[in-house]
Amino acid sequence: MAHGRFDNPVVAALAGVKDFFRKQDLVDQYTDSIRLDAKTCLITGANSGLGFGIAVEMANRGAHVIMAGRSAIPEAGEKVMNMTGRTNVRMEYVDLSNLDTIHDLVGRLKSDGVHIDRLILNAGVALPSGRKLDNGQEEMFFVNYLSNVIFVNLLLKEGIVTPKEGKDPDRIIFISSVSHQGSSAVDYDEFGKFVPYGVSKGIGYYSYYKLVLNTFATELS
């Protein structure tokens, strides 16, 4: 049985505080001089939280921003435009727990001739207990991992994202979590099966699915 780094939310919170104050070694500095003029950036889960903050940052750097989410349409997009003074912001509906909406979004992007230079996969959920979707999958597994795999592969297949060698290649960025550290190895026997869980296991599965997502990102790279 797969398991995550933590057995309960209290231990997870204490570890998060420790990690926050621990000295971090940055790979690079994202300075104010870096611009994204003429680049198209799509951010999932951009209607609130970290995704919204990323949308504001990308708009301020001159990018054409596509905010993908399942709520606050068009309010979140209008707020970004008001905060940044930029009008190159567009909102698209997608619910990463619903496979049809993923296909619909990819179809609209292809029909509009969109090419994504920066794909930021931010959307995710942390649930207190397991919830089975209509497709039979557990919601946190599907939203935090499988929907990202499906979405990325569709975008690559349709040529909407085309990573390549060169001076400024397209980039696919996965928002993950340090909580993946200490998770167990991937258990392929239970992969895709609905596994019910409660609060004590919820944070552990969150960590585990981040490990699985990181594995996909590494293999994709």
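Residues numbered from 1 in each chain as written. Predicted model: local features only at pLDDT ≥ 70, side-chain atom pairs only at ≥ 80, totals over all residues. Heavy atoms only, no water.

This part is about the sheet that holds strand 2 (residues 64-69). Strand order in this open sheet of five strands is 3-2-1-4-5, and the pairing throughout is parallel. In this open sheet, the two strands that pair with only one neighbour each are strand 3 (89-93) and strand 5 (171-174). Within the sheet, the average angular offset between the axes of one strand and its neighbour, ignoring direction, is 15°. Bridging between strand 4 (residues 118-121) and strand 5 involves four bridges; their strand directions are parallel. Pairing of R118 across the sheet is with R171, part of strand 5. The strands touched by helix 3 (residues 75-84) within the sheet are strand 2 and strand 3, with strand 3 carrying the most contacts at an inclination of about 165°. (Pairing = 2+ DSSP bridges. Helix = DSSP H or I, 4+ residues; strand = E, 2+ residues; numbered from the N terminus. Axes fitted to C-alpha atoms, helices over the stretch in contact; angles between N-to-C directions. Contact = heavy atoms within 4.5 Å.)

Remark: helix 5 (residues 139-157) packs on helix 6 (residues 199-220), axes separated minimally by 8 Å, with the N-to-C direction vectors making an angle of 15°. In terms of orientation, helix 5 lies roughly parallel with respect to helix 6. Crossing geometry of helix 5 relative to helix 6 is assigned as right-handed. Contacts from M140, F141, N144, Y145, N148, V149, V152, N153 and L156 of helix 5 reach helix 6 at G202, Y205, Y206, Y209, V212, L213, F216 and L220. Residue classes in the contact of helix 5 with helix 6 are distributed as 13 nonpolar, four polar and no charged. (Parallel < 35°, antiparallel > 145°, perpendicular 65-115°, else oblique. Left-handed = near helix turned anticlockwise from the far one by under 90°. Nonpolar A, V, L, I, M, F, W, Y, C, P; charged D, E, K, R; others polar.)

The next thing to look at is helix 3. For helix 3, the full list of buried residues reads A76, G77, V80 and T84. All buried residues of helix 3 project into a common sector of 100° when viewed along the axis, lining one side. Among the structural elements, helix 2 (49-60), strand 2 and strand 3 are those in contact with the buried residues of helix 3. (Buried < 20%, exposed > 50% of the residue type's maximum accessible area, 1.4 Å probe, protein only. Arc of directions from axis to C-beta.)

This brings us to the environment of N47. For N47, the location among the structural elements is in the loop between strand 1 (40-44) and helix 2. Judged by relative accessible area, which is 18%, N47 ranks as buried. Residues N47 and A76, spaced 29 residues apart in sequence, show a C-alpha to C-alpha distance of 5.4 Å. In contact with N47, other than residues within four places in its own chain, are F52, G69, R70, S71, A72, A76 and M91. Within the structure, N47 has its side chain in polar contact with the side chain of S71 (distance 2.9 Å). (Polar contact = N/O pair within 3.5 Å; in protein donor to acceptor, adjacent residues only side chain to side chain.)

For the rest of this paragraph, the subject is the nonpolar core. In this structure, L42, L109, I116, L119, M140, F151 and L155 are the most contacted members of the largest nonpolar core, which totals 38 residues. Looking at this core, the elements with two or more residues in it are strand 2, helix 4 (99-111), strand 4, helix 5 and helix 6. Ignoring sequence-local partners within four residues, the contact set of L109 consists of L42, I66, R90, V114, I116, L155 and I160. I43, A55, M58 and V80 belong to the second largest nonpolar core, which has 18 residues in total. (Core = buried A, V, L, I, M, F, W, Y, C linked by side-chain atoms within 4.5 Å.)

Here the focus is the pattern of salt bridges. A full pass over the atoms with the stated rule returns eight salt bridges. In this structure, the salt-bridge partner of D95 is R70, at a minimum N-O distance of 3.5 Å. Taken together, the residues span a long stretch of sequence, with D95 in the loop between strand 3 and helix 4 and R70 in the loop between strand 2 and helix 3 at a distance of 25 residues. For R90, the salt bridge is made with D112, and the minimal N-O distance between the two is 2.8 Å. Placement of R90 in strand 3 and of D112 in the loop between helix 4 and strand 4 is noted, with a sequence separation of 22 residues between them. Taken together, the salt bridges that share partners define one network made up of R90, E92, R108 and D112. (Salt bridge = Lys/Arg side-chain N within 4 Å of Asp/Glu carboxyl O.)

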